[in-house]
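Observations on the three-dimensional arrangement
The primary structure of each chain is shown beneath.
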Amino acid sequence: MSSLHATRVRRGRSASRHCLRAALGLLLGALGCSGSGDSGDPLIVEDTLTSPVCTPVAGDFPSGLALSGSAPDRAALVQFQPPAVAILDLREERPRILALQGIPPDSDADGVDDAQRSAQAGFFPLNPLLGEIATAEHGLLLLSASNYEEILFVDEQSGALVGLRVANAASGGAADPSHYPLLPPAGEVHVRSAVSTRACVFPQGALDSGGEAVEPEVGCDPARPGFFSNLTAGKSIAAGHLFVATSNLRNSGESRFYPGSVLVYDWQSDAAGLRVQPDRETPVIATSGFNPTGVVTHRTHSGREVVLVTVSGAIGASTGARNVYSDAAVDVIDPLRLRVAARIPLGRAGPSFDRMAIDRGGRVGILGASSQRQLYAVDLAALENPLLYEGDGDPVILDGLSAGFPDARIFHADVPLVLPDRSDGPPDLHCEGFTHAALNAAGSLILATDQCDGSLTRIRLDLSGSPPIPLPRARFEVLRMDEITAPLTPAGLGLIRAPGALRVRSGEPGLDFEGPDAFFLVGLPDAQVCALRVESPL
Amino acid sequence: MERPHLSAAQRLTAGMPARPLALGMLILVLPGAALPAASQPEEIRVEGTRVGNELPDPTAFGEVLLSDDFEAERKSLADLLSESPGVFVRRFGGPGDPSELSIRGSSAAQVAVSINGVRADSALRGGIDLSRICLPLIERVEVQRGGGAVREGSGAVGGTVNLVTRAPDGRDSSRADFGAGSFETYQGSFFRSQRLAEIDYALGYCGFGTQGDFRFTRPVFRGPDGVESLFSPPQARRINNDRVQHAGTLGIQRELGAGNLRFDDFLGYSAGGEPGIDCCGGEQAGQNARARNRDWVNLAQIRWRAGDFTSADDALEIGLHHRYEALRFRDPQPRFDDPVDLRQQISTLGARAAGPLPLPLIARYANLHAGLDFEWDAMESREAGHHSRLVSALALDARWEGFEQRLLLVPALRVDWSQGFGVRALPALGIRVQALTGLSLLANLTPAFRIPSFDELFHPDEGFVRGNPDLEAEEALEFDAGFEYRRAFLKRQLELRAVASYFYRDIEDSIVWVQINDRTVAPVNTGEARVRGVEIATSIGLVNRLRVSFQHTELRSRRKATGRSLPGVPERESFLRLEWGPPDLWKLVGEAQYTGPILVSEGGGRRLPGRTVWNASVALNLAAIPGTFFSRELARFWLSVDFQNLGDVAVRDALAFPQPGRSASVGFEAHW
């Protein structure tokens, strides 16, 4: 009995020791056992159709849509997350995605991941947040990216990034190369897929939109007030220059903006291809107000190129007229002399951030509104006067009070073009407006989406004869309002709603193309791009 | 002495406090009033996932999960609950990261969670973060599916969960455990119960720490044209995900007069990083590397109970409770904004009384029970200001048995008044029919409601997010029916349980956070929605060596205005568990959990893929090996190793919140 017990005890002790050793081994094994979830099937998130005329894309609120300049059946869409550019086929009732190119972690191809590069330069570790996209020359698309702050070069056919020669500011010029910390070192030319728009700006005005003094930025010049540009917005090419608006947000909680700026780059083509670098003499143009957003190049009847910059003004995070904190304007930049030649004041309009829509004849420019259900319009015939572009004085204010210059304003904050209200739309207190506008190819019809109401309004534009400047408001006639999505009300939860940027194909519907003629982006409940037949017959 | 009318379920839930109490009705109570005899189902015990009704409400569907049934498996509370039918645990990360509960397709705020019978879910935000509750401190978890508003009041739309902490039981006993695992995660606990003179006390502590960072696979989006879009790089590392947690329980009880006086306290503290969502391109994946949060909660109650202590519904009980919750969130360097330092505190003071109400006219036919409840919530926040709310309720329920105790009817009524949301009367009816030996049929018609949380009402206007003081309360009506079967065969060598239920719920004015304009998110009342589904669960025990349990849930939901499903929960979920081994010597556990595709957008067009996750654990009780130190000194000494997600599949319950792949932990658990 005692022998049996002793044997059991010995075996027990031995087993116990083995178990403890095994436990120790397991402990060590367990600590190093973790996986990253990549052994099974990929984590594929399926996006399925919820509308016969809309195509879902990943993420929420796609940020840009550009119709191709060279291929009439193609468009490029900017997907916010994962960051990518999708090439769309527009021939069917809903746009189809032909190809999609992701933006790599080293988006500007400088050899270092953006976040790392950003941190090396003393900023937060930042990645690009994609914004507006616009067609440029040479089959290129220009894609704005905030956060990392850059303009990406995108191939119009494939959506892939394209390398251009990028250089820093020339030494001895108005800008110091150190003011562009993410551009190549001074004197070097690198092939990159983006040009950095992170630049030191030294404003003429010393106050931000909240009336607070602008302090010196240590990374720029500790001796004079300045800041690094941010919120890269619209861009356009004119007269051998690339113009990029930067909204320069200072404090989002308080909706305060640093003075607005337009960065100017030389955009030159030679035998080796395109080359981009900050302009030697005028690298930055100060805008007349806060928060410049949309940028578009307009050619006058006399062949002069001008750059029209929408100055949206300081805008809060709410809705309605009270959401607009400062005045808006359209700044007219002379790309040859790199100065603001004229300004079209719009008052407390708070125009939306898309670039100005211009009719084919170049007479009227239309802007949406960020906080109200209305549109604004300017008469571009007022820019024909060559006297605007002479001298070095202050910009001419085209409000009818400047001697010898007409009033370029048709609809502005005091006299807006109000869009019809949808009866089942949200109360204005919750949501009002955020409109986007486009014109048909003939220039006879203005289309406007309203994000809150989910509506599309058609407005007839009569440019017949030789109308005076400014174009009489009677030339605009609201024809009808269609409910193209659900409104932003609780009842619309789950339905397609929040229409945004709107584009209309060039050419005559039914003749030059068979498919839908209008396309708009949708932000909720998922990101979508939708097609619409406005004038195009079924 | 055990009363003859007590069911096995009631014995298992002995000591469980009732929610609705009747302070004003104490004078009406006649202790020892005659109660009608009740049915006496066969008492059997099946370890592992327990299915079948062992709840205070004899007609409700649900189960009691005993944490000791899962000893040495290193499970969390979320793990335990996710094994219940009808319950979906939505996790927002790995160990220590938040996880929340959905029952029958509900939101987290639509589940009433209590600790020792006192509501523990946050009056600030609704719901409870399961990761804050340390399982070793919990003795059992009572899960009731379906509307529980008559007992619990606001919030019990999807169901109720009561967490019962380890309590003093008059004996000297101790237990401790410690474990370490992947992601530099450590957890240890200690519990001591003892009798000192005439006082019993129980003291528990649990500590948790994790470095928390893990690599994860990022989603690939596939559109209707077959084009895939993926993040670059396709994998990233969860950052700023460390966490430290401490939790403690204290229970003290002694006899006082004709009854028993008991004090319970639960204290929890948690601090760690707030990485936020996985959203964007780049290695950092849009995560916040600097934001931190810290919160702590204390839940204290004192109650005196007289009468039949083993049955909550037969005891006379009065009690007071206090809940305190403090939250702090800091982000020292938000972009384009001033440093954020949010502090919120909420405090709740409550009183309750309950007991049998032997009205002579009714007592001849039924056992009537009444309760009164008062709660006063007060929130203090620098950003949202001061807000308070008073809630009171009267609850009545009766139990009538007939047809030789084969039929049990439980009509109930709650009259609830919530400051700012008026009075509502909630009549309910439950039925239980014993059809055959071991087979019971159950049906319930239960209303429910939820008044908005303080956060939903008063979240400060931060520009991009704000509360909505105009919100209405959510209202719901649920019907469920099904059966329960429990039998033992072959001289108890084979034990079998099976439960199946169908449920149908209409809900109005659901509160959902939505984008109300292009820049602002706010909660709004949405229209009607309907949820229906089927739950089945079986459990088999064979010769006390092999235990198998299986559960499956099918769920369908539809928002009336759009015809689209409700997002956030899978349409189907299955769970299989096999446990093999002689009790108290060793055990080998294998589990497989299938979770169907999860709709992650309100539009009904975007789904996370379904997945099957395999887990396994093995444990050995060294104290069962004779002649060892452990066998001499300890009642139990388990060494265990546990593997989660053996297949290392990518798992997400919410699109922007990654969960870890394969992980493991080892540890010991000792009882003496």
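Residues numbered from 1 in each chain as written. Chains lettered and ligands numbered in written order. Predicted model: local features only at pLDDT ≥ 70, side-chain atom pairs only at ≥ 80, totals over all residues.

1. Description of the overall build of chain A
Counting its regular elements, chain A contains 2 helices and 38 strands. Based on the C-alpha atoms only, the size of chain A along its principal axes is roughly 120 × 60 × 50 Å. Per-residue burial for chain A yields a buried fraction of 56% across its 538 residues. Residue pairs in contact within chain A that sit at least 24 positions apart in sequence constitute 57% of those at least 6 positions apart. (Helix = DSSP H or I, 4+ residues; strand = E, 2+ residues; numbered from the N terminus. Buried ≥ 20, exposed ≤ 12 C-beta atoms within 10 Å, placed from the backbone. Contact = placed C-beta atoms within 7 Å.)

2. Side note on the environment of B:Val534
Residue and element names in this part refer to chain B. Following the sequence through the fold, Val534 ends up in strand β29 (residues 529-542). With 93 residues separating them in the primary sequence, Val534 and Gly627 have C-alpha atoms 51 Å apart. Among residues more than four places away in sequence, those in contact with Val534 are Tyr502 and Glu554.

3. What to know about the interface of chain B and chain A
Listed per partner, the contact involves 82 residues of chain B and 77 residues of chain A. With 4 residues, the top contributor of residues to the side of chain B that touches chain A is strand β37 (residues 663-671) of chain B. Considered class by class, the residues forming the side of chain B that touches chain A number 37 nonpolar, 28 polar and 17 charged. The pairing of strand β1 (residues 44-47) of chain A with strand β34 (residues 606-608) of chain B spans 2 bridges and is classified as antiparallel. Residue pairing in the sheet places A:Glu46 in a bridge with B:Arg607 of β34(B). (Nonpolar A, V, L, I, M, F, W, Y, C, P; charged D, E, K, R; others polar. Pairing = 2+ DSSP bridges.)

4. A few points about the nonpolar core
Core analysis: the biggest nonpolar cluster contains 243 residues, and A:Leu143, A:Ile333, A:Ile366, A:Leu375, A:Ala437 and B:Leu81 have the highest contact counts within it. In terms of residues, this core owes the most to one element, strand β37 (residues 518-524) of chain A, which gives 6 residues. Split by domain, the residues of this core number at least three in each of domain 1 (103-290) and domain 2 (300-504) of chain A. Once you skip the residues sitting within four places of it in the chain, A:Leu375 turns out to touch A:Ile366, A:Leu367, A:Gly368, A:Ala369, A:Phe411, A:Pro416, A:Leu417, A:Leu419, A:Thr435, A:Ala437 and A:Ala448. Counting 11 residues, the second largest nonpolar core, distinct from the first, contains B:Ala619, B:Ala623, B:Leu639 and B:Ala670. (Core = buried A, V, L, I, M, F, W, Y, C linked by C-beta atoms within 7 Å. Domains from an automatic or database assignment.)

5. Looking at the sheet that holds strand β33 (residues 445-450) of chain A
All names here are of chain A. Read across the sheet, 4 strands follow the order β32-β33-β34-β35 without closing on themselves; strand pairing throughout is antiparallel. Looking along the sheet, the strands with just one partner apiece sit at the ends: β32 (435-439) and β35 (476-483). Shown here is a sheet whose adjacent strand axes are inclined to one another by a mean of 20°, direction ignored. Direction of pairing for strand β34 (residues 455-461) relative to β35: antiparallel, over a ladder of 7 bridges. Along β35, the bridge assignment pairs Leu461 with Phe476. (Axes fitted to C-alpha atoms, helices over the stretch in contact; angles between N-to-C directions.)

6. What about the sheet that holds strand β22 (residues 292-299) of chain A?
Residue and element names in this part refer to chain A. Across the sheet, which stays open at both edges, the 5 strands sit in the order β22-β23-β24-β25-β29 with mixed pairing between neighbours. A single partner strand is all that each edge strand has here, and the edge strands are β22 and β29 (396-397). As judged from the 6 bridges shared by β22 and strand β23 (residues 305-311), these two strands associate in the antiparallel manner. Counted as the bridge partner of Val295 is Val309 from β23.

7. So, the domain arrangement of chain A
Residues and elements named next belong to chain A. Structurally, chain A comprises domain 1 (103-290) and domain 2 (300-504). Each of domain 1 and domain 2 was reduced to a C-alpha centroid, and the two centroids are 26 Å apart. Taken together, the contacts link 23 residues of domain 1 with 25 residues of domain 2. Those elements that provide at least two residues to the side of domain 1 that touches domain 2 are β15 (232-238), β16 (241-246), β18 (256-257), β19 (259-270) and β21 (284-290). Top element by residues in the side of domain 1 that touches domain 2 is β21. It accounts for 5 residues.

8. Some points on the environment of B:Asn240
Relative to the elements of secondary structure, B:Asn240 occurs in the loop between β14 (235-237) and β15 (243-256). In this view, B:Asn240 contacts B:Gly273, B:Glu274, B:Pro275, B:Gln287, B:Asn288, B:Ala289 and B:Arg290; residues no more than four positions away in its chain are not counted.

9. Some words on unusual backbone geometry
With an omega dihedral of -5°, the bond running from A:Ile469 to A:Pro470 counts as a cis peptide bond. By secondary structure assignment, the location of A:Pro470 is in the loop between β34 and β35. Omega for the bond connecting B:Ser232 with B:Pro233 falls within 30 degrees of zero, at 0°, which places this linkage in the cis form. Topologically, B:Pro233 is positioned in the loop between β13 (228-230) and β14. Backbone geometry places A:Ala239, a non-glycine residue, at a positive phi of 50°. With respect to the helices and strands, A:Ala239 occurs in the loop between β15 and β16. Of note in this structure, B:Ala72 is not a glycine but carries a positive phi near 65°. Looking at the element boundaries, B:Ala72 is found in the loop between β1 (61-66) and α2 (77-81). Owing to 26 C-beta atoms within 10 Å, B:Ala72 belongs among the buried residues under this scheme.

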